[in-house]
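As a plain string of letters, each chain reads:
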Amino acid sequence: MLSNIVNYFTNAGAETYLILLVLILLEAVLSADNAIALAAIAKSIKDPQRQRQALDIGLIGAYILRIALILAATWVIKYWQFELLGAMYLLWLVINYFFFSDEDNADENRSLSLKSLWQVIPTIAITDLAFSLDSVTSAIAITEDTWLIIAGGTIGIIVLRFLTSLFIKWLQEYTYLEDAGFITVGFVGLRLLLKVWLPDYFIPEWLTVAVVAIFFTWGFSKREAVESESQE
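A short tour of the structure in this document, coming up. In this text the structure is predicted, and so the values were computed from the model without any measurement.

Notes on the nonpolar core
Burial of nonpolar side chains together is a common tendency in soluble globular proteins. Counting residues in each nonpolar core, the largest one holds 43 residues, and the members touching the most others are Leu 59 and Leu 90. Listing elements by their share of this core, those giving two or more residues are α2 (14-43), α3 (48-71), α5 (80-99), α6 (117-142), α7 (146-173), α8 (177-197) and α9 (205-219). At nine residues, the largest contribution of residues to this core is made by α2. When neighbours within four sequence positions are excluded, Leu 90 is seen to be in contact with Ala 130, Phe 131, Val 185, Val 188, Gly 189 and Leu 192. Counting 16 residues, the second largest nonpolar core, distinct from the first, contains Leu 23, Ile 70, Ile 140 and Ile 150.

Observations regarding α5
The α-helix advances 3.6 residues per turn, and as a result positions three or four apart in sequence lie on the same side. Compared with the 28 Å implied by 1.5 Å per residue over 20 residues, the 28 Å span of α5 between its first and last C-alpha is a close match. Among all positions of α5, only Glu 83, Gly 86, Ala 87, Tyr 89, Leu 90, Leu 91, Leu 93, Val 94, Asn 96 and Tyr 97 are buried.

Focus on the environment of Ile 95
Mapped onto the secondary structure, Ile 95 falls in helix α5. On a C-alpha basis, the gap between Ile 95 and Gly 186 in space is 8.7 Å, while along the polypeptide they are 91 residues apart.

Quick word on the packing of α5 against α8
One way to put it is that α5 packs onto α8 with a least axis distance of 8 Å and a crossing angle of 155 degrees. In terms of orientation, α5 and α8 fall into the roughly antiparallel class. Where α5 crosses over α8, the handedness of that crossing is left-handed. A breakdown of the residues in the contact of α5 with α8 according to their chemical character gives 18 nonpolar, three polar and four charged.

Topic: the pattern of salt bridges
Pairs can form between side chains of opposite charge once their charged atoms are near each other. Applying the stated criterion across every chain, the model contains five salt bridges. The residue Glu 178 makes a salt bridge to Lys 43 at a minimum N-O spacing of 3.4 Å. One end of the pair, Glu 178, is in helix α8; the other, Lys 43, is in helix α2, with 135 residues separating them in the sequence. Assigned by exposure class, Glu 178 and Lys 43 land together as buried. Note that Arg 223 is salt-bridged to Glu 173, the shortest N-O span being 2.9 Å. One end of the pair, Arg 223, is in the loop between α9 and α10 (226-231); the other, Glu 173, is in helix α7, with 50 residues separating them in the sequence. For Arg 223, a relative accessible area of 47% gives the class partly exposed. Glu 173 sits in the buried class, given a relative accessible area of 10%.

What counts and how
- Per chain, the residues get numbers from 1 upward, laid out in the order the sequence is written.
- For this predicted model, a pLDDT threshold of at least 70 governs which residues receive local features, and a threshold of 80 or more governs which side-chain atom pairs are given and counted, while totals over whole chains, interfaces and linings are taken from all residues.
- Side-chain metrics rest on all non-hydrogen atoms present in the structure, leaving aside hydrogens and water.
- Nonpolar cores are built from buried Ala, Val, Leu, Ile, Met, Phe, Trp, Tyr and Cys residues. Side-chain atoms within 4.5 Å join them into one set.
- Buried, partly exposed and exposed residues are distinguished by accessible area as a fraction of the type maximum, computed with a 1.4 Å probe on protein chains only: under 20%, between the cut-offs, and over 50%, respectively.
- Secondary structure is summarised from DSSP: a helix means a run of H or I of at least four residues, a strand means a run of E of at least two, and numbering begins at the N terminus for each.
- Between two residues, a contact is recorded if the distance between any of their heavy atoms is within 4.5 Å.
- A helix is expected to span 1.5 Å for every residue after the first.
- Inter-axis angles, ranging from 0 to 180 degrees, are taken between N-to-C directions of lines fitted to C-alpha atoms, where helices are fitted over the stretch in contact.
- Any angle that is under 35 degrees is reported as roughly parallel, and any over 145 degrees as roughly antiparallel; angles of 65 to 115 degrees are reported as roughly perpendicular and all others as oblique.
- Left-handed describes a crossing in which the near helix is turned anticlockwise from the far one by less than a right angle; the clockwise case is right-handed.
- Side-chain classes are defined by residue name, with Ala, Val, Leu, Ile, Met, Phe, Trp, Tyr, Cys and Pro counting as nonpolar, Asp, Glu, Lys and Arg as charged, and the others, Gly among them, as polar.
- Only one rule defines a salt bridge in this text: a Lys or Arg side-chain nitrogen within 4 Å of an Asp or Glu carboxyl oxygen.

Listed below in structure tokens is the structure:
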């Protein structure tokens, strides 16, 4: 498949690269709330090395699921049940975080109640798949060229890995960031739900970006005093 992608872009014109740039920007914008959800899931594992291992394996699984979704996209979009399942999963994730979080230790912030590596890995892959239902639909609206969408998704998963690593660090530093991230996850879930029930009133991309920007601004509004703690 990689050789096919290389051959495709070797013979591509300027318009193809412009569309690819748009797809990459779209992936980057829509990956912010995805990345924070994956960071919160990975953060359930306290050991940093096992966190990285869970992210790497989980995102490999996520990439395989993304490619499968892209290849089957023209079939998947015919069935609203897939988007309903994605919406319900994201909303379940938010409810689990806000109402059934792990708060055994009073010194710790709210977190998802996931403990083992093999709980975290499939959760990462499935969560990315639920988000991909939205991003792949947006990509198809821009182009129906499968190889182009695959290339955008490939770069998108690399960007997502980088963003998730950053968010794992930032979640320790900013008080409201994790809550803000899960509120936006809930918004994406409601957006998918609205698309299923009232497709004529589907929330546009620009409004989604605006809502994510507002909540992330709040999320970064208060920083923990980590420096003073590290000196004690």
